[in-house]
Every structure is written in C-alpha cells, then in structure tokens.
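Overview (structure and organization)
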Amino acid sequence: MKKINRRSFLKGGLAGGAALAATGAKTASAAQDFGGYPDSMGVLVDFTKCVGCRTCEAACNKEQGLPEPEKPFDDQSVFDEQRHGGLPRRPTEKAYTVVNRYNIVGREHPLFRKVQCNHCNEPACLTSCFVNAYKKTPEGAVIYDPTVCVGCRTCMIACPFYVPAYSYSSAINPVVKKCIMCYDTRLKFGRPPACVEACPQQVMTFGKRSELLKLAHQKIRQNPDKYVDHVYGEKEVGGTAWLYLSDVPFDRIGFDTHLGNQPIINYVKEFLTVVPMVLTIWPALFTGFHLLSNRKDAKKNEETKS
Amino acid sequence: MGGKKKLLGVAAVLVLTAPLASRSWAETGPDTVVLDSLANHYEAVTFDHAMHVDVAGNCATCHHHTTGEAPVDQNCGRCHSAAQGASGIACRDCHSVEPFSAANLKAIDSNPQMYHTGKPGLKGALHQKCLGCHQEMGAPTGCQDCHARNDQGDAFFRAGKYAPKPTASESHGGGH
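What counts, and where the lines are drawn
Residues numbered from 1 in each chain as written. Chains lettered and ligands numbered in written order. Predicted model: local features only at pLDDT ≥ 70, side-chain atom pairs only at ≥ 80, totals over all residues. Heavy atoms only, no water. Helix = DSSP H or I, 4+ residues; strand = E, 2+ residues; numbered from the N terminus. Contact = heavy atoms within 4.5 Å. Areas by Shrake-Rupley, 256 points an atom, 1.4 Å probe, with all protein chains shown as cover. Buried area = accessible area lost by both parts, 1.4 Å probe. Salt bridge = Lys/Arg side-chain N within 4 Å of Asp/Glu carboxyl O. Polar contact = N/O pair within 3.5 Å; in protein donor to acceptor, adjacent residues only side chain to side chain. Phe/Tyr/Trp six-rings, centres within 6.5 Å; stacked < 30°, edge-to-face > 60°. Buried < 20%, exposed > 50% of the residue type's maximum accessible area, 1.4 Å probe, protein only. pLDDT = per-residue confidence, 0-100.

**Examining the overall build of chain B**
Broken down by element type, chain B carries nine helices and two strands. In chain B, the succession of helices and strands from N to C terminus is α-β-β-α-α-α-α-α-α-α-α. Counting contacts in chain B only where the partners sit at least 6 residues apart, residues at least 24 apart contribute 42% of the total. Counting only carbon and sulfur atoms, one obtains 57% of the accessible surface of chain B, whose full area is about 10,800 Å².

**Remarks on the interface of chain B and chain A**
A common way to express how large an interface is: the accessible area buried when the components associate. Opposite the 40 residues of chain B that make contact, chain A presents 46 residues. A buried area of about 3,500 Å², summed over both sides, lies between chain B and chain A, and 55% of it is on carbon and sulfur atoms. At the junction of chain B with chain A, the criterion picks out two salt bridges. Across the pair D74(A) and R149(B) runs a salt bridge, and its minimum N-O distance is 2.9 Å. At the boundary of chain B and chain A, one finds 11 residue pairs in polar contact (both at pLDDT 80 or more). Among the secondary structure elements, those contributing two or more residues to the side of chain B that touches chain A are helix 6 (102-110), helix 7 (122-137) and helix 9 (151-157) of chain B.

**Quick look at the packing of aromatic side chains**
Residue and element names in this part refer to chain A. Applying the stated criterion across every chain yields a total of 13 aromatic pairs over all chains. Note on F47 and Y244: the rings are 5.4 Å apart at their centroids and 15 degrees apart in plane angle, and the pair reads as stacked. One end of the pair, F47, is in the loop between strand 1 (41-46) and helix 2 (55-63); the other, Y244, is in strand 9 (residues 242-245), with 197 residues separating them in the sequence. Comparing F47 with Y244, the two get one shared label, buried.

**Section: the pattern of salt bridges**
Per the stated rule, a full pass over the model turns up 16 salt bridges over all chains. Among the charged side chains, a salt-bridge network with shared partners connects D39(A), K208(A) and D109(B).

**Observations concerning the confidence of the model for chain A**
Here chain A averages 89 in pLDDT, while 89% of its residues score no lower than 70. Taken as a whole, residues 24-30 of chain A scores under 50 in pLDDT and shows two contacts with residues more than four places along the chain or in a different chain.

Below is the structure:
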C-alpha cells in the first residue's frame with residue numbers, strides 16, 4: 001500500500017481542486033451567451049416625444065390596483081420633488097412607474113424621462129434571489145411571486161437600475177414590489193402594458209424586441225441630427241426589454257452609462273462556482289491537516305502508554 | 001379591489017363625423033371635425049379644420065403626401081414624390097386606432113419588407129402633430145386647453161372631487 005505522506009496528500013488535494021475549478025469555469029462560459037428569449041416583446045421609449053403629462057402613471061395605478069397617490073396625477077409639482085441626496089423620484093411600492101423632469105441647458109423644453117423596470121434579458125434581481133421568487137417569461141417580462149418573497153431585499157441591491165421597491169409600510173408581510181410589464185392582465189395575452197396604451201403622445205412603441213431594435217436604428221439613421229446615436233438597453237447589462245432613444249446624452253438624464261454589456265451575473269459567476277468547491281473540499285482538507293498534525297502526538301501518547 | 005380592475009380600454013373609437021360641409025370641400029376638406037377618440041376620459045373636441053388650413057397653408061404639413069402635395073419631410077420624399085396622393089386622407093385612414101393589436105404586430109413580424117413599422121396609432125398621431133405644432137406656434141399645450149376632462153377622467157387622474165385628501169402626516173411617506 002502506498003504510503004500517504006503530507007506532501008502527496010497536499011498534492012492530491014490541489015490537483016482535485018484545480019480539476020474542479022476547470023470544470024466550473026467551463027460551465028460558466030457555456031451559460032454566458034443566453035442573450036434573451038428570441039421572440040420576447042419589448043417597449044421602445046422615445047424621450048423626444050414625452051411631454052410629462054403623467055397619464056402613464058395614472059394608467060399604471062389603475063391597472064395594478066395601487067393605493068391612492070399623495071397628489072393627483074395631473075399635478076406637475078411632483079417634478080420638483082427630490083429624494084435624499086437631491087436624486088429624482090424613483091419607483092416605489094405605491095407607484096411602479098414615475099416620470100421625472102430634466103432641465104437641459106440649450107434645449108427648448110425640459111426632457112421628461114419615464115422610469116420603470118427595464119425587464120433585463122438576464123436580470124440581476126432574478127439571479128440574486130435565493131428563494132427563486134423571480135422569473136423571466138418568454139414574453140419578456142420579469143415577474144415575481146410575492147408569496148415566496150422573504151423580504152431579504154438582495155434584489156434591490158443587485159438591480160443596476162435601482163428598480164425594485166420595498167413595502168416598508170407593511171409591518172406583517174413586507175415584500176418587494178415592482179413593474180411586471182402588466183404581465184398578468186395584458187402581456188400574457190399579447191397586449192401592450194397599460195402605460196404604453198394610455199400615453200397620448202405614443203412615446204412608447206410596443207412590439208417584438210428584435211423589431212424594435214430595427215425601428216430604433218432606422219429612426220436614428222433618418223434623423224441623425226435629432227437623436228443620440230445610441231439605443232440604451234440594446235446591449236447594457238446583456239440587453240433589456242425596454243429600449244430608449246434620446247436627443248440628450250443618456251448620462252445627462254440619469255442613465256448609468258458605465259454598466260457595461262455583461263449581464264450582472266457574469267461578474268459573480270466565477271466566484272460562485274468556487275463556493276461549492278470550498279464547501280466540499282475544505283472540510284476534508286483541513287480534517288486531513290488536523291489528523292496529520294495530531295498523528296505524531298497520538299502515536300507518542302500510545303507509545304508512552306504501552 | 002382586484003375585481004374592479006377594469007382593463008384600461010382606451011376605446012379609441014374615432015368618429016370623424018360627417019363634415020359640416022359648407023365651402024369648397026373638395027379643396028380644403030371639412031370645416032370642422034369632431035374628435036372623440038378619448039371619450040372615456042375627455043369631452044369630444046370640435047377641431048376647426050378650416051382655421052387650421054389657413055394657419056398651416058400647406059396640406060402636407062399635417063397630411064404628409066396623401067393629398068398630393070410634396071411631403072415636407074425629406075425622408076418621405078424618397079418614396080412619395082409630389083402629386084402622388086392616397087385614397088385615404090383622414091388621419092384614421094392610415095393611423096390605426098389600436099396600433100399594437102395582434103393583427104398589426106403580426107403584419108410587422110411576417111413582412112420583412114414593411115417600412116412604416118413605427119407608424120403611430122391614431123391617438124399618438126393626433127397628439128404628436130397637434131402638440132408639436134402648438135409648441136412651435138405658441139398655441140395652447142395643456143391637456144384641458146383642447147379637451148375638458150369628464151368625470152371618468154377625473155377619477156382616472158385622481159383629480160377634482162377624486163383628489164387625494166391632504167393628510168396631516170404629509171411627510172410621513174414610506175421609503176426615502
């Protein structure tokens with residue numbers, strides 16, 4: 001029988017670890033190119049057309065059965081509201097979409113920007129949720145099951161767009177709340193979200209995501225002096241179902257233009273593959289160390305006893 | 001609450017009612033047009049077509065190439081040259097009441113040759129044209145400057161008698 005000494009034990013352990021790491025890395029790269037469901041739907045938002053009437057907010061409130069707002073939906077004073085740190089409004093448990101105003105120097109009118117869930121192709125909220133509450137449907141919506149949500153709020157931190165809100169008002173069962181693209185009542189049946197349909201200016205165009213991308217680039221090509229040559233959401237964080245056209249650079253209207261084109265999960269995937277390895281190998285490894293280091297003492301004890 | 005959730009059927013049934021024709025209809029179209037596609041939230045608008053003909057001067061300003069005048073937008077001119085009219089001239093002849101209907105989405109999907117895939121629906125077309133020009137000309141741009149909101153509209157916007165009651169704990173709002 002081959003004698004196991006300290007050196008060969010360590011060698012074996014390292015080799016096994018390396019092999020596991022290699023297979024782990026392989027599965028990570030294989031899952032990298034999902035790129036979204038092929039026939040998923042989306043919404044193309046053209047900020048040059050929005051006049052800030054807030055009809056979309058009213059439509060969302062009605063469709064989703066949300067509680068009474070603090071101010072009427074035709075009240076323009078909400079545009080002056082600021083959150084802590086001078087930040088504009090963001091979606092809350094009572095409003096899954098909000099419109100914000102940006103005063104741009106040199107632009108004739110202020111720019112109004114609608115904010116709601118962007119419905120990522122590879123959502124960070126979904127991958128961060130340890131109870132699997134989230135689901136990306138083939139239609140394109142990122143939906144969630146509030147009955148399994150445990151209120152850990154990891155998704156709120158994971159979301160690169162700061163979209164999921166939390167029902168802090170509920171003392172008994174606080175859960176995460178966000179736009180579901182009207183999946184239950186509309187999208188499931190092939191119909192556009194309520195905000196899209198209600199918009200008087202048709203700021204938003206509903207359609208297949210692939211078709212919307214073609215349309216967006218056609219619009220840019222035909223109006224090169226009007227639009228910024230970028231479709232926000234085409235590539236950002238692996239692509240989103242909601243796409244944006246603007247005449248003002250995106251970083252000036254609150255968009256994060258440094259998110260990169262990788263889905264958020266890619267940044268942690270390699271680390272996460274190491275976790276099971278650590279959990280399986282380390283106990284055996286350190287038990288081995290312990291036994292080895294104690295063997296001499298144990299032998300000595302036995303010898304002195306006998 | 002959930003049962004009450006009525007689908008927001010913006011029942012955009014536009015009735016371009018029979019023109020109250022008086023003067024040379026063949027040349028300038030109807031004098032007035034009643035627009036009531038948003039009847040669920042707003043009173044109908046009686047659009048003074050004759051006045052707008054005088055202001056715009058050119059049919060193509062609003063009607064693109066359909067009246068047989070040269071289109072204003074250069075992009076349209078690449079295909080629609082002057083004197084190439086269309087059988088339908090009214091807005092609703094081309095701009096669909098339900099632009100995102102299953103039929104319209106299918107048509108875009110099944111016909112890769114289709115060009116006007118982003119053509120706005122009737123409501124969008126009317127507002128984009130009207131508001132765009134009203135902003136430029138300094139004409140009224142408020143929602144109720146053109147159409148007065150009805151009771152249903154007040155309920156939808158939580159305004160008027162449906163406005164939220166101001167609470168004593170105004171600053172007590174949920175998350176920061």
